[in-house]
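For reference, the chains in residue letters:
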Amino acid sequence: MGSDIVAEEIAKAAKAAFEKSQLLPAAVRIDALANIKQQLEANKSEILVANKQDMEAAQVEVDAGRISNAMMKRLDLGQGDKWTSMLKGVQDVADLPDPTGLVSYASQLDDDLELYRVSCPIGVLLVIFEARPEVVVNIAALAIKSGNAAILKGGKESNHTTHLLAKAISQGLAQTSLPSTYIQVIQTRAEVSALLDLDCYIDLVIPRGGNSLVKAIQNSTRIPVMGHADGLCHVYLDESADHQKAVRVVVDSKTNYPSACNAAETLIVHTSLLNSVWQEVAQALLAADVHLLCDSHTLSALASLPGVPEKFSSHVHSSTESSYSIEHLDLTISVIALPSLHSAIQFINSHSSHHTDSIITESERAASAFCRGVDSAGTFVNASTRFADGFRYGFGTEVGISTGRIHARGPVGLEGLVIYKYILRSKAERGHIVGEFGVGEGKKSFKHAAIATTSVPF
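Student: Is there a simple way to think about the overall build of the protein chain in this case?
Tutor: Of the regular secondary structure elements, the protein chain holds 16 helices and 17 strands. When the backbone C-alpha atoms are referred to their principal axes, the protein chain occupies close to 90 × 60 × 35 Å. In the protein chain, which comprises 458 residues, the share counted as buried stands at 52%. Across the protein chain, the fraction of contacts at a sequence separation of at least 24, relative to all contacts at a separation of at least 6, is 74%. Total accessible area on the protein chain is roughly 20,500 Å²; 52% of this is exposed by carbon and sulfur atoms. Taking the 39 positively charged and 50 negatively charged side chains of the protein chain as two groups, their mean positions are separated by 4 Å.

Here it is, written out as structure tokens:
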């Protein structure tokens, strides 16, 4: 059977599952999440063994130069608290309020004629991501809670892990009245290519990965795409920056998880700080094994120190123009000195990917100007760029980061996976018709009287 036929069957099944789910109570979705969490816990050992297989295969690819160390690190489901955080994310999503069925506008158009704007799911999501296997669980949880069906495609590097995570999700769904095809996982690029043509079944594509993946998806489909191509995040040291805050925030933004899309890739230093705060920050970064790509001003400031910093010769290099357009995804940061807040804002807006940018400042005026002037999904004050995350925002987890201009922006949680519909109900004995309204004798006027409610009363 050809991939086009298989893909259409998958998409049709997802659409049918979505339509069936709309008639089920929200409690069913909560039960499904509890069951999925239970299945994941029960199968932890087997899943981590599969993850080790993927890691070993990835190491071979790294050694051959076919994938990066950063990508391999993203594969590791046993690293740190990843497994615990994944399970907690499922529970946190289950505990969040239901985002569907909420009334954001209600109006009485006429006696016994009421209009409601009500939140509802988007429909069928196609989510394509690279490397990180826990994304399968994150997105499945968000899709289920928000009432959306989902088709998921992970990177081939995590096939063994993804297969068992998907199996646990299916086992959890099987214990509820939700269709087993509500969450589906596919394995091949051919299936993705075929699905991208099926705008009659799929309502939104969410790519999570590098620039090449996102651009390829955007150029290959008529289906709306939500996501971001790069994570070019900046930290700006304002002239009033406190040295302790500067060191803490810059080091954390760069080193907490260098391969994440919310890690800082460029540091902007106000020229007044070159012989003070910048030197402290630079030495802290070098102590954390970070490589510095410096412009002439920041490089000269380090070279003029009484004692040459340790690792200066091995870790400090001159930058080029292209250094400020690179998502390093490792322990490297590009550095530039600029003379003003205004020039820093201009630089960020012309070089960033509009993801997340932070200012270190003691000036309320500078903080306000930065947050309003920088055109990014997240603008922070005296805080690490690593806070740009659905879990840290209290969304339970996230389906991804959006740098788009419409619908959702920033970390996309439950609210970003619902849209709205208008429900109009006439309770009049003969119903309502438009022909009765207008200007002139015998015509009725609209009342447009606000109705105080947060839910539809039927």
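Student: Even after reading the chapter, I still don't get helix α12 (residues 296-303), so can you show me in this structure?
Tutor: In an α-helix, one turn spans 3.6 residues; hence positions three or four apart end up facing the same way. Here α12 has its buried residues at Thr298, Ala301 and Leu302. Seen end-on, α12 carries its buried residues on one side only, within an arc spanning 95°. Buried-residue contacts for α12 involve β8 (264-270), α11 (277-287), β9 (291-294), α13 (312-315), β10 (316-318) and β11 (332-338).

Student: Before we go on, may I ask you to explain the layout of surface pockets in this structure?
Tutor: By rolling a water-sized probe across the atoms, one finds the places where empty space is left. Looking at the second largest pocket, its volume works out to about 500 Å³. Lining the second largest pocket are 21 residues, and of these Ile128, Glu130, Lys153, Arg189 and Leu213 lie nearest its centre. Where the lining of the second largest pocket is concerned, the elements lending two or more residues are β3 (124-129), α8 (189-195) and α9 (211-218). Residue contributions to the lining of the second largest pocket peak at four residues, all from α9. Its residues assigned to classes, the lining of the second largest pocket comprises nine nonpolar, seven polar and five charged.

Reading guide: rules and limits
Residues numbered from 1 in each chain as written. Predicted model: local features only at pLDDT ≥ 70, side-chain atom pairs only at ≥ 80, totals over all residues. Heavy atoms only, no water. Helix = DSSP H or I, 4+ residues; strand = E, 2+ residues; numbered from the N terminus. Buried < 20%, exposed > 50% of the residue type's maximum accessible area, 1.4 Å probe, protein only. Contact = heavy atoms within 4.5 Å. Areas by Shrake-Rupley, 256 points an atom, 1.4 Å probe, with all protein chains shown as cover. Lys, Arg positive; Asp, Glu negative; His and termini not counted. Charge placed at Lys NZ, Arg CZ, Asp CG, Glu CD. Arc of directions from axis to C-beta. 1 Å grid on protein atoms, 1.4 Å probe; cavity = no way out; pocket = protein on both sides within 12 Å on 5 of 7 lines; lining within 4 Å. Points joined across faces, edges and corners; volume = space filled by probe spheres on them. Nonpolar A, V, L, I, M, F, W, Y, C, P; charged D, E, K, R; others polar.

Nothing here speaks to function; it is all geometry.
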